[in-house]
Amino acid sequence: MRVALGEARRAIGLTSPNPAVGAVLVVGSRIVARGHHQQAGGRHAEIECLREMTGAIPKNATLYVTLEPCSTVGRTPPCIDEIIKARVKNVVVGALDVNPRHAGRGIELLRNARIKVRIGVLAGGCAALNESFNKWIATGRPFVIAKCGMSLDGRLTRPPGESQWITNAAARHHAHELRANVDAILVGAETVRTDNPRLTVRGLRGKKQPLRVVLSRSGRLPRQAHVFNDRFAKQTVVYRSSSLDAVLKDLGRKNVTSVLIEGGGKILGQALDQQLIDKVQLYFGPIFAGGQVFGFSGRGVGSTAAAARLSRISYHKIGNAVCVTGYPIYPEDAPAE
């Protein structure tokens, strides 16, 4: 299953709005075939794996797949039918599909076909792999990640006349890997006016460029900005006079499963105040900038008891910068003490 997870990771950022899935076929203790879902509309991981196998599949073969095989017709036929047709006798599944159309049905159909099925192997890792898909398919809303590079005193800007970068080149490359895994990047109009960002994936091969979303009350944006003039200009969308919540709902209806909010501070603050953030990925540079723009300049809370807190926190040192990743728990969601 760990090998199947490795296969699935190769698909992250390439399969939306489908989940990333990996599969391996094992005979004895030897992997004889492997595959992953490569793009929406293409063959699913199980089919890629089974078609790599030449000849009849041995009776003692076991198919490992990170996500419950689909049981309904979409852009491709149901994987369940192909597994049964291939006469696979043993299937190991990592995570159940949270899609209400599929959840548990694939397992039932496999067992009805007298296939031995084991579920829940490395389930946590398999489910976490598709955290964006899991939220979107269950709620219709995209998974929201808040990302920014900030100084130790919580600023997004450095003093005038100095380099705009707070973090180092390695940390910025790390952030591009995050961009490559999302469907859309969202910023406010002031970020476009002040920083003129490209909001593209750079330094990585074989990755899709995300949709670029700009929020503007007035609609008055510099037409010379990169997002309107580069070769990805058609992938820029401007929402005028729309609330952040309404924008996220609309993006979800358009099959956007994940949104990366990159700023500025007001947009990040709004997202936090409205409890719209599902995950944060913050890069801290080793400086005290003292700038005017705070990382999350929202209205805040009245007391520490009402504050959001991070769970499942991880720390990653990148050169002289530190990346902090975590999942906000908002007060009403917090476990009782």
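Residues numbered from 1 in each chain as written. Predicted model: local features only at pLDDT ≥ 70, side-chain atom pairs only at ≥ 80, totals over all residues. Heavy atoms only, no water.

**Things to note about the sheet that holds strand 5 (residues 116-119)**
Part 1: In space, the five strands of this open sheet follow the order 2-1-3-4-5, with mixed pairing throughout. With one partner strand each, in any of the chains shown, strand 2 (30-36) and strand 5 form the two edges of the open sheet. Averaged over all pairs of adjacent strands, the angle between their axes in this sheet comes to 20°, without regard to strand direction.
Part 2: As judged from the four bridges shared by strand 4 (residues 90-95) and strand 5, these two strands associate in the parallel manner. In the sheet register, N90 faces strand 5, and the bridge partner there is K116.
Part 3: The strands touched by helix 1 (residues 2-9) within the sheet are strand 1 (22-27), strand 2 and strand 3 (61-67), with strand 1 carrying the most contacts at an inclination of about 145°.
Part 4: Contacts from helix 2 (residues 45-52) reach strand 1, strand 2 and strand 3 within the one sheet, and its direction differs from that of strand 2 by about 135°. (Pairing = 2+ DSSP bridges. Helix = DSSP H or I, 4+ residues; strand = E, 2+ residues; numbered from the N terminus. Axes fitted to C-alpha atoms, helices over the stretch in contact; angles between N-to-C directions. Contact = heavy atoms within 4.5 Å.)

**Some points on the nonpolar core**
Part 1: Formed by 36 residues in total, the largest nonpolar core has its most connected members in L25, I57, L63, I83, V88, V91 and L110.
Part 2: Considering each element in turn, this core owes the most residues, five residues, to strand 1. (Core = buried A, V, L, I, M, F, W, Y, C linked by side-chain atoms within 4.5 Å. Buried < 20%, exposed > 50% of the residue type's maximum accessible area, 1.4 Å probe, protein only.)

**Focus: helix 4 (residues 105-112)**
Part 1: All buried positions along helix 4 are accounted for by G106, I107 and L110. Within helix 4, the buried residues cover an arc of 100° as seen down the axis, which keeps them to one side.
Part 2: Each element contacted by the buried residues of helix 4 is listed here: helix 3 (79-85), strand 4 and strand 5.
Part 3: Of the residues trailing helix 4, R114 is marked for its positive phi of about 65°. (Arc of directions from axis to C-beta.)

**Points about helix 10 (residues 244-253)**
Part 1: Taken as a whole, helix 10 has its buried residues at L244, V247, L248, D250, L251 and G252.
Part 2: Two residues or fewer past helix 10, N255 is found with a positive phi of approximately 70°.

**Considering a nonpolar patch on the surface**
Part 1: Residues L310, I313, Y315 and V322 make up a contiguous nonpolar surface patch of about 360 Å² in total accessible area.
Part 2: The dominant element in the nonpolar patch, judged by the number of residues it contributes, is strand 12 (residues 309-318), at three residues.
Part 3: When you line up the elements, L310 lands in strand 12.
Part 4: L310 gets classed as partly exposed once you look at its relative accessible area, which sits at 33%. (Patch = residues over 30% accessible without salt bridge, like charges linked within 9 Å, V, L, I, M, F, W, Y side chains within 5 Å. Areas by Shrake-Rupley, 256 points an atom, 1.4 Å probe, with all protein chains shown as cover. Salt bridge = Lys/Arg side-chain N within 4 Å of Asp/Glu carboxyl O.)

Remember, this is a structural readout, not a statement about activity or role.
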